[in-house]
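Report on the structure
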Amino acid sequence: MFLINFGYPLADLQKARIEELLSHNIGGYFHIPVQFDNDISFEEQVEKLLANSDLPYQEFMTHPLAIILPSHAYIAALILIEIQARIGRFPAIIRFKPKPESLPLEYEVAEVVDLQHLRDTLRKKRSNQ
């Protein structure tokens, strides 16, 4: 499985939890920090970010792919569109949540959302209405 992280660096426990939830070992890990200029088109910046990242898109087409999105909603939406257009499907996304009673604050893996499965399921519901 490939994991692309557009968020903060991951701790080993977080990686292990992701592998557990997805029932796959992380065979390829890519950390792509996101820092955008508000005065330049986000669409252009996302396209440039992904074009310059040396990601193996051909392999993403045939292997499981999960991503950790950046926290900025507009950038996250554009990244999802770009990846879907490049590999022909939506990846799974990893969601984090604050770890209860952690001091200092820590984040743990909350869930994995299989966007392609969700899309396919909702399309079937729509066609049955």
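Residues numbered from 1 in each chain as written. Predicted model: local features only at pLDDT ≥ 70, side-chain atom pairs only at ≥ 80, totals over all residues. Heavy atoms only, no water.

In this section: the sheet that holds strand β2 (residues 28–31). Strand order across the open sheet formed by five strands is β2-β1-β3-β4-β5, with mixed pairing between neighbours. Either end of the sheet is taken by a strand with one partner, and the two such strands are β2 and β5 (107–114). Strand-to-strand twist in this sheet, taken as the mean axis angle between neighbours without regard to direction, amounts to 25°. Two elements, strand β3 (residues 65–68) and strand β4 (residues 92–98), share two bridges in a ladder whose sense is parallel. Bridged to alanine 66 within β4 is alanine 92. Where helix α1 (residues 12–22) meets the sheet, its contacts fall on β1 (2–5), β2, β3, β4 and β5, and the angle it forms with β5 comes to roughly 30°. Sitting on the sheet, helix α4 (residues 73–87) is in contact with β1, β3 and β4, with an inclination near 165° to β3. (Pairing = 2+ DSSP bridges. Helix = DSSP H or I, 4+ residues; strand = E, 2+ residues; numbered from the N terminus. Axes fitted to C-alpha atoms, helices over the stretch in contact; angles between N-to-C directions. Contact = heavy atoms within 4.5 Å.)

Within this structure, the stated rule accounts for five aromatic pairs. Seen from their ring centres, phenylalanine 2 and phenylalanine 60 are 5.1 Å apart, and the 65° between their planes marks the pair as edge-to-face. Separated by 58 residues along the polypeptide, phenylalanine 2 in strand β1 and phenylalanine 60 in helix α3 (residues 57–60) bring together distant segments of the chain. Judged by its relative accessible area of 0%, phenylalanine 60 falls in the buried class. Within the aromatic cluster, the residues linked to one another by ring pairs are Phe2, Phe30, Tyr57 and Phe60. We note lysine 15 situated over the ring of tyrosine 29; from NZ or CZ to the ring centre the distance is 4.3 Å. We note arginine 86 situated over the ring of tyrosine 57; from NZ or CZ to the ring centre the distance is 4.8 Å. (Phe/Tyr/Trp six-rings, centres within 6.5 Å; stacked < 30°, edge-to-face > 60°. Buried < 20%, exposed > 50% of the residue type's maximum accessible area, 1.4 Å probe, protein only. Lys NZ or Arg CZ within 6 Å of the ring centre and 35° of its normal.)

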